[in-house]
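Inside the fold
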4 protein chains.
Amino acid sequence: MLAIPLTQENALTQGPTAASCLPGVGQIDRLLAVRALSVELCAGLEPEDLVAQSMPDASPLKWHLAHTTWFFETFVLRPHLPGYEVFHPGFAELFNSYYVGAGPRYLRAARGLLTRPPLRTVLRYREHVEEALRRLFEPSGVRDPALLDLVELGLHHEQQHQELMLTDLLHLFSLHPLQPAWRQLPALPRRGLRPLAWVEHPGGPDTLGYQGEGFHFDHEAPRHTVWLQAHALADRAVCNAEFSEFVRDGGYRNPLLWLSDGWAAVQREQWRAPMYWSEDGQSQFTLGGECDIDPAAPACHLSYFEADAFARWAGCRLPTEAEWEARARGQAIEGNLLDSGLFRPAPVADGLQCFGDVWEWCASAFLAYPGFKPASGAVGEYNGKFMSGQMVLRGGSCATPRAHLRPSYRNFFYPHQRWQFMGLRLAKDLE
Amino acid sequence: MLAIPLTQENALTQGPTAASCLPGVGQIDRLLAVRALSVELCAGLEPEDLVAQSMPDASPLKWHLAHTTWFFETFVLRPHLPGYEVFHPGFAELFNSYYVGAGPRYLRAARGLLTRPPLRTVLRYREHVEEALRRLFEPSGVRDPALLDLVELGLHHEQQHQELMLTDLLHLFSLHPLQPAWRQLPALPRRGLRPLAWVEHPGGPDTLGYQGEGFHFDHEAPRHTVWLQAHALADRAVCNAEFSEFVRDGGYRNPLLWLSDGWAAVQREQWRAPMYWSEDGQSQFTLGGECDIDPAAPACHLSYFEADAFARWAGCRLPTEAEWEARARGQAIEGNLLDSGLFRPAPVADGLQCFGDVWEWCASAFLAYPGFKPASGAVGEYNGKFMSGQMVLRGGSCATPRAHLRPSYRNFFYPHQRWQFMGLRLAKDLE
Amino acid sequence: MLAIPLTQENALTQGPTAASCLPGVGQIDRLLAVRALSVELCAGLEPEDLVAQSMPDASPLKWHLAHTTWFFETFVLRPHLPGYEVFHPGFAELFNSYYVGAGPRYLRAARGLLTRPPLRTVLRYREHVEEALRRLFEPSGVRDPALLDLVELGLHHEQQHQELMLTDLLHLFSLHPLQPAWRQLPALPRRGLRPLAWVEHPGGPDTLGYQGEGFHFDHEAPRHTVWLQAHALADRAVCNAEFSEFVRDGGYRNPLLWLSDGWAAVQREQWRAPMYWSEDGQSQFTLGGECDIDPAAPACHLSYFEADAFARWAGCRLPTEAEWEARARGQAIEGNLLDSGLFRPAPVADGLQCFGDVWEWCASAFLAYPGFKPASGAVGEYNGKFMSGQMVLRGGSCATPRAHLRPSYRNFFYPHQRWQFMGLRLAKDLE
Amino acid sequence: MLAIPLTQENALTQGPTAASCLPGVGQIDRLLAVRALSVELCAGLEPEDLVAQSMPDASPLKWHLAHTTWFFETFVLRPHLPGYEVFHPGFAELFNSYYVGAGPRYLRAARGLLTRPPLRTVLRYREHVEEALRRLFEPSGVRDPALLDLVELGLHHEQQHQELMLTDLLHLFSLHPLQPAWRQLPALPRRGLRPLAWVEHPGGPDTLGYQGEGFHFDHEAPRHTVWLQAHALADRAVCNAEFSEFVRDGGYRNPLLWLSDGWAAVQREQWRAPMYWSEDGQSQFTLGGECDIDPAAPACHLSYFEADAFARWAGCRLPTEAEWEARARGQAIEGNLLDSGLFRPAPVADGLQCFGDVWEWCASAFLAYPGFKPASGAVGEYNGKFMSGQMVLRGGSCATPRAHLRPSYRNFFYPHQRWQFMGLRLAKDLE
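Residues numbered from 1 in each chain as written. Chains lettered and ligands numbered in written order. Predicted model: local features only at pLDDT ≥ 70, side-chain atom pairs only at ≥ 80, totals over all residues. Heavy atoms only, no water.

**Remarks on the relation of the copies chain A and chain B**
Applying a rotation about an axis and a shift along it to one chain copy brings it onto the other copy. For clarity, the cut-off: Here the copies are superposed with least squares, the fitted atoms being C-alpha atoms of residues at a pLDDT of at least 70 in both. Here, residues are in contact when the closest pair of their heavy atoms is within 4.5 Å.
Between chain A and chain B, which share one sequence, the superposing operator has a rotation angle of 180° and an axial displacement of 0.1 Å; the RMSD is 0.0 Å. Here the transformation between the copies is reduced to the relation of a two-fold axis. Relative to the rotation axis, the C-alpha of E48 of chain A is the closest in chain A, positioned 2.5 Å from it. When you check the interface residues of chain A against chain B, 100% turn up at the interface there too, and the contact is symmetric in its surfaces.

**Focus on the interface of chain A and chain B**
Note the threshold: A quick way to say it: buried area is the sum, across both parts, of accessible area lost when two parts are put together, with a 1.4 Å probe. Any Lys or Arg side-chain nitrogen found within 4 Å of a carboxyl oxygen on Asp or Glu counts as a salt bridge. Polar contacts, as counted here, are pairs of nitrogen or oxygen atoms within 3.5 Å of one another; within protein the pair requires one atom able to donate a hydrogen and one able to accept it, and residues that are adjacent in sequence qualify only if both atoms are side-chain atoms. For the purposes of this entry, the term helix denotes a DSSP run of H or I that reaches at least four residues, the term strand denotes a run of E that reaches at least two, and both are numbered from the N terminus. Put simply, Ala, Val, Leu, Ile, Met, Phe, Trp, Tyr, Cys and Pro go in the nonpolar bin, Asp, Glu, Lys and Arg in the charged bin, and everything else, Gly too, in the polar bin.
Between chain A and chain B, the contact holds 32 residues from the first and 32 residues from the second. At the boundary of chain A with chain B, total buried surface from both sides reaches about 2,500 Å², with 63% on carbon and sulfur atoms. Of all residues in chain A, E48, L113 and R116 of chain A give up the largest surface area on contact with chain B, accounting jointly for 29% of the area buried on that side. At the junction of chain A with chain B, the criterion picks out 4 salt bridges. Run the count over chain A and chain B and you get 10 residue pairs in polar contact (both at pLDDT 80 or more). Of all the elements in the fold, those that place two or more residues in the side of chain A that touches chain B are α4 (91–94), α5 (119–136) and α6 (145–174) of chain A. The dominant element in the side of chain A that touches chain B, judged by the number of residues it contributes, is α4 of chain A, at 3 residues. Here the side of chain A that touches chain B is composed, by residue class, of 17 nonpolar, 8 polar and 7 charged.

**Overview of the interface of chain A and chain C**
On the side of chain C, 31 residues touch chain A, which itself brings 31 residues to the contact. If you sort the residues of chain A by the area they bury against chain C, W227, Q229 and S388 of chain A come out on top, with a joint share of 20%. Elements that contribute at least two residues to the side of chain A that touches chain C include exactly β3 (224–228), α8 (260–269) and β9 (359–365) of chain A. Of the residues assigned to the side of chain A that touches chain C, the class counts are 17 nonpolar, 9 polar and 5 charged.

**Examining the packing of aromatic side chains**
To describe a pair of aromatic rings, one takes the distance between the centres and the angle between the planes. The following threshold applies: Note on aromatic pairs: the rings of Phe, Tyr and Trp (six-membered ring only in Trp) are paired at centre separations within 6.5 Å, and the planes decide the class, stacked below 30 degrees, edge-to-face beyond 60, tilted for the rest. Each residue gets one of three labels from its accessible area relative to the maximum for its type: buried under 20%, exposed over 50%, partly exposed in between, using a 1.4 Å probe on protein chains only. Criterion for a charge above a ring: Lys NZ or Arg CZ within 6 Å of the ring centre, and within 35 degrees of the ring normal.
This model, assessed by the stated rule, comprises 138 aromatic pairs over all chains. Centre to centre, the rings of F246 of chain D and W258 of chain D are 6.4 Å apart; their planes meet at 50°, and the pair counts as tilted. Placement of the pair is F246 of chain D in helix α7 (residues 240–248) and W258 of chain D in the loop between α7 and α8 (260–269), with a sequence separation of 12 residues. When its relative accessible area of 0% is taken as the criterion, F246 of chain D is described as buried. Here W324 of chain D and F355 of chain D contribute two aromatic rings whose centre-to-centre distance is 5.9 Å and whose plane-to-plane angle is 75°, an arrangement assigned as edge-to-face. Of this pair, W324 of chain D sits in helix α10 (residues 321–328) while F355 of chain D is found in strand β8 (residues 355–356), placing the two residues 31 residues apart along the sequence. F355 of chain D matches W324 of chain D in its accessibility class, with the two residues each being buried. Looking at R111 of chain C, its charged tip hangs above the ring of W63 of chain C, at a distance of 3.6 Å from the centre.

**Description of the side chain of T68 of chain D**
Residue and element names in this part refer to chain D. Among the structural elements, T68 can be located in helix α3 (residues 61–80). Within the structure, the side chain of T68 is placed 2.9 Å from the backbone oxygen of H64, a separation counted as a polar contact. A polar contact is formed between the side chain of T68 and the side chain of E158, at a distance of 3.5 Å.

**Quick notes on the domain arrangement of chain A**
All names here are of chain A. In plain terms, the rule: By convention here, the domain bounds are inherited from an automatic or database domain assignment.
Taken domain by domain, chain A comprises domain 1 (8–174) and domain 2 (198–429). Each of domain 1 and domain 2 has a C-alpha centre, and the two are 27 Å apart. Facing the 32 residues of domain 1 at the interface are 32 residues of domain 2. In total, domain 1 and domain 2 occlude about 2,900 Å² of area from one another, counting both sides; carbon and sulfur atoms represent 66% of this. Every element with two or more residues in the side of domain 1 that touches domain 2 is listed here: α1 (8–13), α3 (61–80) and α6. Looking at the side of domain 1 that touches domain 2, the element that brings in the most residues is α6, giving 18 residues.

**Describing the relation of the copies chain A and chain C**
Turning chain A through 180° and shifting it by 0.0 Å along the axis lays it on chain C, with an RMSD of 0.0 Å. A share of 100% of interface residues in chain A that are also interface residues in chain C marks the association as one of identical surfaces.

**As for the sheet that holds strand β9 (residues 359–365) of chain C**
The pairing of strands in a sheet comes from backbone hydrogen bonds and takes either a parallel or an antiparallel form. Note the threshold: DSSP-based pairing: two strands are paired if at least 2 bridges between them are found.
Across the sheet, 4 strands lie side by side as β11-β10-β9-β12 (chain C); this open sheet has mixed pairing. Looking at the sheet topology across the chains shown, the edges are occupied by β11 (411–413) and β12 (422–423) of chain C.

**Section: unusual backbone geometry**
Cis geometry is adopted by the peptide bond preceding P222 of chain B, which originates at A221 of chain B and carries an omega value of -5°. Relative to the assigned elements, P222 of chain B resides in the loop between β2 (204–208) and β3 (224–228). The backbone of Q270 of chain C sits at a positive phi, close to 55°, despite the residue not being glycine. With respect to the secondary-structure elements, Q270 of chain C resides in the loop between α8 (260–269) and β5 (283–286).

**Thoughts on the packing of helix α7 (residues 240–248) of chain C against helix α9 (residues 304–313) of chain C**
All names here are of chain C. What counts is decided by this rule: Every axis in this analysis is a line fitted to C-alpha atoms, fitted for helices over the stretch in contact. Angles between the N-to-C directions lie between 0 and 180 degrees. Here is the rule for angles: anything less than 35 degrees is roughly parallel, anything more than 145 is roughly antiparallel, 65 through 115 is roughly perpendicular, and the remaining ranges are oblique.
For the pair α7 and α9, interaxial distance at closest approach is 11 Å and the crossing angle is 80°. The orientation of α7 with respect to α9, classified from their angle, is roughly perpendicular. Residue-level contacts link E242, F243, E245 and F246 of α7 to E306, A309, F310 and W313 of α9. Here the residues of the contact of α7 with α9 are counted per class, giving 5 nonpolar, no polar and 3 charged.

Written out as structure tokens, the structure is:
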């Protein structure tokens, strides 16, 4: 029997229900369903599994559970629910990630030392806050649009952390000599690797950024005009069979293929293959333990440096985020996302694949769009302060909740990072 | 109600019982009582508390529980109990500390990532091994003196780790912003600080090292002649009231009082007082949480550098280990040891105090005695390979089981370390 | 008497002379004049001054003298001058900076250990190579355009290193307790700080990148269409009086003004003011030694993080490189450049100032223009491999040779670096 | 023609001359001869060679020249020569090594950045101070014994630095890809490796420490009684043929032979052979450049860890310093010392060899003798503050001036250091 969370499908796909007669109550139902998934992701794990931190970039799962709760307590309940009683005065410092405006923060790299509060207390903390969130919406709902926006931000914040919970756990378990599995995973569909096709764009003026009424992060806006050059994008991501060729061809030993900082990383970290690959290139470590590499699934756990080197080796380049978004705009959010329950990249299907499997590195630095305005208040620190040194990724992965994604969604990481479900799509110039 | 382990007194004090009619059976009873204390020390803690590693020098408590068990499995059961079935083949690597001769070892600094096996499995591992140890002694006891020696070594090894469990936990909790307490501790006896008295020695030939039939570590032998110079030793350790004067007098700001490496440590680590002292010098963090500093209790959590600087400031010096042992030889093992259940230094009593409260730094490097022979086999790595860079400490602390101690006992740490219960006793030359 | 190089004006300003009747001979004359300046910049220094390396980012001056010579030997003479005899076979490794395609390289961070060859040998190396370059152009000139391009690249490469020689020396001397001066510098013109004015741009399609027949680096091309948003740029750089206000207002103590990586740098490096400022904010270390800060001169030695934080504090932003270039295109290359002989930022003059004083940080990452093609051969490593993690700077500085600059010129450094003559210009969106 | 300094023999061997009719004037003559050797050691080097610092443990030769001069200026001239004019007020900080009592000190690890003062100024500094020292002794000599002691200390201090100049230069040149030689060295005498013989000692009371009226460092005293166990010492050092066997036998790959800290160093530093050995074990880098390893010369450039591992491999141990001194006491100071002009270990001669070739690591930590009193005043920092973490070496090396050595001489270094001329002598217990 698989341990795939049963309620997950509902949690992630349902919009506001027609039955919600009070303003915002559909939102609170959706929110609580999303939050339930965070706990479900921990099912079957030991309390000890949730406390360890495998590297400064990652966080313990218990910390994720508490931090996402702190977010609602700090930004929604304390300012907006009269009479709200803080669960524990010390948690403000323990579970603030990086919001300087929200007070002092515990040292990020030492989160693995937070053995207290224990898991059961964190679960009570979650219940305490969820109960208060319910009270906030009763008896008459919430009409304040700014408050509804904050709740929605908290919901999406929780979804971001759900993806991080899976990638952080994968990293932790990958370092364990006994190679534990999170869960037994369902088999992947069997498909051969189909040839890559190119989708062309003639160039010219286009737009970039979110347009509409729905939720989006501040850094996806404002929508603005850009000018694209004529180019073509691959209709799918680069797959393991292709990346294996790069490895066999000595790609990791040829400095001329690499960015200067990338080559330094190859040598410093002794990279010889994508993260989690076995030495013989036949298997890889996954949330289901060690398993065979599927040649037809997108290559995963690649840094920007590796993505860029592969593209150069292939005589191509990475797409810009404007090119990527131009292609994805208007496409349905379909693909191997968290909701598929596969929890790893799967052999690619036919047709243009825009979403899922792996986040795709873009040849665009994470910078402000023209006219960018950070969200107001302390949540304005959410994205804007990370606008240096990081690159944009697009498209979502097998660990991204489907309801969390948009064509305009900008993810961002440092070019050396590769513990997320990250890969690449090829692009090329048209003359 | 205090949570002091009830069986502890028995576990630590009883020798072989008269009722043990089979050879070695008294030993196995004693051993199991000692091992029970290791588990009792964890009572009241969360599973999460036992998995975190606060620094490379320290280990998770769960790791201590498993490693002391691995010791018996590896050195006693596998070679000596026919048909013994290893509990888990992967544990050999996970819980080997530093015995190169016993196979590969998991990276010391990453022990905090060993979330698996969970605590309950480690407890089953302990039972599995204890059951096998019982079988080893049944039905007719054990007569092989080498095997009895190994069992005795394992017992003392376990006791060493009991002390480390307390000091490692103290360090972990000291870093937690909420400053959790291990347990509520009993009140200290109330005593004023009595003046220090000097005990003189005229110098001349003396001996150093263990003599007798009982258990001792290899590095306590062989007993050999040394020549002492005329000197005097203080009859007790330096106490908090005295060390506070050093702090107030600018001791931590005057480089002329410090060894060169010590001053480098002061600046690098920003030392301003003993470890765990509050900034105002009024309170300190203990296993019972934050509490007032008792002026009449020995100053504790001092590095060799601080001990040496204090002695220089006081116009004295630290004793050599030969001087220390000459004074302690023949004294009863009495004092504030683990068995007192105070778990922190207590105000000093009257009369010559040789044992307990704090390990006392000696002006002697940890080196081989003339004619030193390491124990044979893989356990020969126990002590001999640490004979560089470390200094000797003598006398046991409030976390040392009484039955573990001897006047000839040599403890050793690096001069910058201070997370153990460490302090100093003054010495001076006589003309 | 000042020691300003007399021939400098000529070296940097003259184009191909009419008297050069053979193809390329004007180029070789110009080249040798440029190279003479490299040596002149060392006049008055001790041989010892030229050997030390103050940090891994900087290089010894002697190394610069040799490396720029190695560039001609490796890329021009060895492949193109029949019978050319290499000056010393070991120099290939010693003085290769980062050209993997050109063979092994000596460790960058240890260039300060290259006491051999001594200065006088490096000067002979320079003469040997210059003599060979002359032979290459005699008796009939050079007609091969690819070869002429390589020579031109070498000339511009030498000019880049001339700027680095000055900034690296400044850094070295700034660490010396005796604060030596490179030379006595001429007085700055006296001017009060004029108010800043804004130059508006309505937005719409524009172009970016070099257009023309002259020399330019590969990464300045191809010229391509971009779409600008409506915006305004300041008509001059931010000056010391303005930056001092930021300092006094606690700019360096307010994390909300900083990018996340920037605030980490502030804390790690203990930044409290621009590099080289005295603690009281009254004076700064320059190539002429310690001297008063001129309120009307551009603020200098700022990291991207500081530039960005200042702009946020001022309610503005940094310009993009497309905005910057749109404004500068067509402007004469005039300003306080190396040719002025001031060797430090000077009080700003009236009118739109585009060039000189300080390189201006742009809110643009250093990435490939659409359709970018690296130069062919080993010199293709010149720029392309640095396209990650760095930001673009525009406009040249008081250490940039005038003949080296273009409106399309893209300089690039990491956001934490500040030992170059770096500052900022404000920009803002227009509604 | 060799470049061996001609005056060296005189400088190092002559005692006070009969012609010196004024008190102390023989001392000043001897001092100036010693100081001349410091400058002669630099003959043939480039000014650049004297400024670089190859690692924090080493210092530039120019710094040594200046620091030894600063020592006389600070401790002899300023307090004792009325009207003495300091050469340059800034030099006090630049050239103080570690004397906290003598004022602030320039950062040790950055001495390679002190390009100023240039060599010629340092040479004038030396002349200025020597001229003043001459004045101090004229016209009537010096009778104050404390002052004569300080001058003598300065002389021996200078000799210590002469050895360091050679070892620091060797280290610097060893890192240079072109492997420069300091000088062409004279050929070594040709001798086969004679068998090692053992010299026995029956054990019992003995004494340790300097006795007599002559100069000695504070830490060589007081002479005191020790008790030796019965033992035997080898009559010569371990030689290259023997150490090669250890290497071939996998000594560097067997952790059971090593101290724990030693094995960590082997892995961290990738040690595979003594320092400066070529990969094939056939040649080594010396002050005369790369040359063949002589099998009959003492193995050199070994850390304590390597010496200890070799001794364990050979079934022996290292001698204690008391054992070493008991054997050497009363022996003439003869052997391959600096005065031999060979500047590297030479094939060992017949008979008991106590001095020269290599410093011999002892199994004794560098600690205070009982009753140790540091010298009074700031020079009390000379030795006492290094009494932690270091091990004693005895016997002098091929870079030690003969007049500098005594049987009671205690040298000391950290156990991982190996850039000095260091080796080992075997010892063993007698039953």
